Amino acid sequence: MTADPLSSSASARGKRLPPWLKVGLPRSADFSRTASLVAAHGLCTVCKNARCPNIFECYSRGTATFLILGERCTRNCTFCNIASGAPSPPDPDEPQRVARAALELGVRHVVVTSVTRDDLPDGGAGHFAAVTARLREILPGAGVELLTPDFAGSAASLDVVLDAAPDIFNHNVETVPELYPLVRPQADYDRSLAVLRRAASRPGMRVKSGFMLGFGESPDQARRVITDLARAGCAMITVGQYLRPSRRHPEPVRYVHPDEFAELAAFGRDIGVAGMFSGPLVRSSYHADERAAAQEAGRVAAAGGCDGA
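Residues numbered from 1 in each chain as written. Predicted model: local features only at pLDDT ≥ 70, side-chain atom pairs only at ≥ 80, totals over all residues. Heavy atoms only, no water.

Trainee: Would you mind showing me how to read the state of the cysteines here?
Mentor: A covalent bond between the sulfur atoms of two cysteines is referred to as a disulfide. By the definition in use, this model includes zero disulfides. In this structure Cys-47 is not part of a disulfide, and its nearest cysteine sulfur, from Cys-58, lies 6.1 Å away. Residue Cys-47 is classed as buried on the basis of its relative accessible area, which comes to 8%. (Disulfide = S-S within 2.5 Å. Buried < 20%, exposed > 50% of the residue type's maximum accessible area, 1.4 Å probe, protein only.)

Trainee: Explain helix H5 (residues 125-138) here, please?
Mentor: One turn of the α-helix equals 3.6 residues, which is why residues spaced by three or four share an orientation. Spanning 14 residues, H5 covers 20 Å between terminal C-alpha atoms, matching the ideal 20 Å at 1.5 Å per step. Buried within H5 we find Ala-125, His-127, Phe-128, Ala-129, Val-131, Thr-132, Leu-135 and Ile-138. (Helix = DSSP H or I, 4+ residues; strand = E, 2+ residues; numbered from the N terminus. Expected span 1.5 Å × (residues − 1).)

Trainee: What is the right way to read the pattern of salt bridges from this model?
Mentor: A pair can form between side chains of opposite charge whenever their charged atoms are brought close. Here the structure, examined in full by the defined rule, presents 15 salt bridges. Notably, a salt bridge pairs Arg-75 with Asp-118, separated by 2.8 Å at the nearest N-O pair. Of this pair, Arg-75 sits in the loop between strand E3 (72-73) and strand E4 (83-84) while Asp-118 sits in the loop between strand E5 (109-114) and H5, and the two are 43 residues apart along the sequence. The buried category is assigned to Arg-75, whose relative accessible area is 6%. On the basis of relative accessible area, Asp-118 is assigned to the partly exposed category, the value being 38%. Here Asp-93 ties to Arg-97 by a salt bridge, and the two come within 3.2 Å at their closest N and O atoms. In this structure, a network of salt bridges that share partners links the residues Arg-75, Asp-118, Asp-150 and Arg-191. (Salt bridge = Lys/Arg side-chain N within 4 Å of Asp/Glu carboxyl O.)

Trainee: Is there a simple way to think about the sheet that holds E5 in this case?
Mentor: Each strand in a sheet pairs with its neighbour through backbone hydrogen bonds, running either in the same direction (parallel) or in the opposite one (antiparallel). Pairing within the open sheet is mixed, and its eight strands lie in the order E1-E2-E5-E6-E7-E8-E9-E10. Where the open sheet ends on each side, the last strands, each with one partner, are strand E1 (44-45) and strand E10 (275-278). Sheet topology places strand E9 (residues 236-241) next to E10; four bridges connect them, and they run parallel. Opposite Val-239, over in E10, you have Ser-278 as the bridge partner. Sheet contacts for helix H4 (residues 94-105): strand E2 (65-68) and E5; angle to E2, the most-contacted strand, approximately 170 degrees. On the sheet, helix H9 (residues 219-232) packs against strand E8 (206-213), E9 and E10 and is oriented at approximately 170 degrees with respect to E8. (Pairing = 2+ DSSP bridges. Contact = heavy atoms within 4.5 Å. Axes fitted to C-alpha atoms, helices over the stretch in contact; angles between N-to-C directions.)

Trainee: Even after reading the chapter, I still don't get unusual backbone geometry, so can you show me in this structure?
Mentor: Trans peptide bonds make up most of the peptide bonds, and negative phi angles are found at most residues other than glycine. In this structure, Ala-165 is a non-glycine residue whose phi angle is positive, near 60 degrees. Mapped onto the elements of the fold, Ala-165 is located in the loop between helix H6 (155-163) and strand E7 (168-170). Positive phi values are uncommon outside glycine, yet Glu-174 reaches one of about 70 degrees. Within the secondary structure, Glu-174 is located in the loop between E7 and helix H7 (180-183).

Trainee: Looking at this structure, how should I read the nonpolar core?
Mentor: Among soluble globular proteins, nonpolar side chains are generally buried collectively. Judged by nonpolar contacts, the single largest core of 68 residues is most densely connected at Leu-135, Phe-169, Leu-196, Phe-211, Leu-229 and Ile-237. The contact partners of Leu-196, leaving out residues within four places of it in the chain, are Phe-169, His-171, Val-173, Val-207, Lys-208, Ser-209, Leu-229, Ala-232 and Cys-234. (Core = buried A, V, L, I, M, F, W, Y, C linked by side-chain atoms within 4.5 Å.)

Trainee: I keep staring at the pairing of E8 and nothing clicks. Help me out?
Mentor: Consecutive side chains of a regular strand alternate in pointing toward one face of the sheet and then the other. Buried residues dominate E8, accounting for eight of its eight residues. Along E8, one buried face is formed by Arg-206, Lys-208, Gly-210 and Met-212 and the opposite face, lined by Val-207, Ser-209, Phe-211 and Leu-213, is buried too. Note that E7 and E8 share three bridges and pair parallel. Across the sheet, Ile-168 pairs through a bridge with Arg-206, a residue of E8.

Trainee: In this structure, what is going on with the side chain of Arg-184? I would like to understand it.
Mentor: Relative to the helices and strands, Arg-184 resides in the loop between H7 and helix H8 (189-200). Here Arg-184 occupies a buried position and makes no salt bridge, while the nearest side chain of opposite charge, Asp-150, is found at 5.1 Å. A polar atom in the side chain of Arg-184 sits 3.3 Å from the backbone oxygen of Val-173. Those residues in contact with Arg-184 that sit more than four places away from it in its chain are Cys-77, Phe-79, Asn-172, Val-173, Glu-174, Leu-179 and Ser-192. (Lys, Arg positive; Asp, Glu negative; His and termini not counted. Polar contact = N/O pair within 3.5 Å; in protein donor to acceptor, adjacent residues only side chain to side chain.)

Trainee: I would appreciate a short explanation of the confidence of the model for the protein chain in the present structure.
Mentor: Reading predicted coordinates in detail is not appropriate for stretches of low pLDDT. Put simply, the protein chain has an average pLDDT of 88, and 90% of its residues get 70 or more. When the criterion is pLDDT under 50, residues 300-309 qualifies, and its contacts beyond four places in sequence or with other chains add up to five contacts. (pLDDT = per-residue confidence, 0-100.)

Trainee: Mind showing me how you'd approach the packing of H4 against H5 here?
Mentor: When two helices pack together, their arrangement is captured by the angle between the axes and the distance separating the axes. Across the interface, H4 lies against H5 with an axial gap of 8 Å and an inter-helix angle of 40 degrees. Classed by the angle they form, the pair H4 and H5 counts as oblique. Read as a crossing pair, H4 and H5 show a hand that is right-handed. On H5, the residues that touch Glu-94, Pro-95, Gln-96, Val-98, Ala-99, Arg-100, Ala-102 and Leu-103 of H4 are His-127, Ala-130, Val-131, Arg-134, Leu-135 and Ile-138. Of the residues assigned to the contact of H4 with H5, the class counts are nine nonpolar, two polar and three charged. (Parallel < 35°, antiparallel > 145°, perpendicular 65-115°, else oblique. Left-handed = near helix turned anticlockwise from the far one by under 90°. Nonpolar A, V, L, I, M, F, W, Y, C, P; charged D, E, K, R; others polar.)

And the structure:
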């Protein structure tokens with residue numbers, strides 16, 4: 001029988017947060033401006049709802065990751081702070097409000113994610129497409145990055161999102177497959193890889209995924225995930241440290257040293273993933289605008305469009 005690495009007996013209970021994971025409080029008035037603007041439009045962000053440790057920095061930069069399709073998720077992943085339960089019906093005005101908020105924030109790269117909506121026939125795919133369409137209308141020229149659930153494996157639903165032609169399609173695998181029963185009990189690792197492969201089959205589509213360390217995975221297991229994601233067609237991979245968002249959540253098994261993140265980044269680049277972003281506080285949408293620009297610059301350089309300077 002496999003031991004539960006997230007049980008209290010196996011966790012890093014009582015271990016102090018290492019210095020590389022400590023973040024400062026906001027010092028910019030832009031933090032309050034971003035928070036107020038999001039609230040004024042009646043919107044949610046994954047930054048706040050998931051209690052992301054980078055919220056102070058990102059809000060102070062005038063960026064936020066919009067959380068659409070409600071605040072309740074139909075799944076119950078053990079790492080996540082999003083409430084689970086019966087969600088409300090999709091709000092038809094939400095795409096307009098997301099686009100208006102992004103316009104007022106002045107962002108040039110908009111990241112949109114959602115709760116998982118297994119209760120909806122299309123898993124919320126049509127809503128993602130509607131948000132993308134409104135962003136294209138109101139912010140022409142801005143990049144659109146969609147971080148989606150797996151749509152319960154529905155190829156038809158996924159195609160609705162891909163047909164909307166986001167600049168970047170992102171779907172996270174979150175952890176190594178061996179830990180799915182403990183970390184993502186309602187998800188399936190192979191199904192997530194299939195989602196990524198289908199997205200990568202679209203000409204010109206930039207595909208991204210990510211996962212966290214600290215659940216009890218081994219370095220070899222982490223490298224295998226990076227290899228799987230590379231084979232699935234991911235041009236960008238994010239790797240970060242799991243931090244429990246509240247005392248109700250499991251503690252990390254361990255805090256991974258920055259050197260290990262650097263080693264994983266080097267491994268990914270060695271096998272052909274140019275867009276490797278690996279570090280303790282890295283999250284899917286952390287500095288997503290800068291990462292998208294860097295990845296695109298590298299892609300253009302590889303195609304001979306610039307000298308890479």
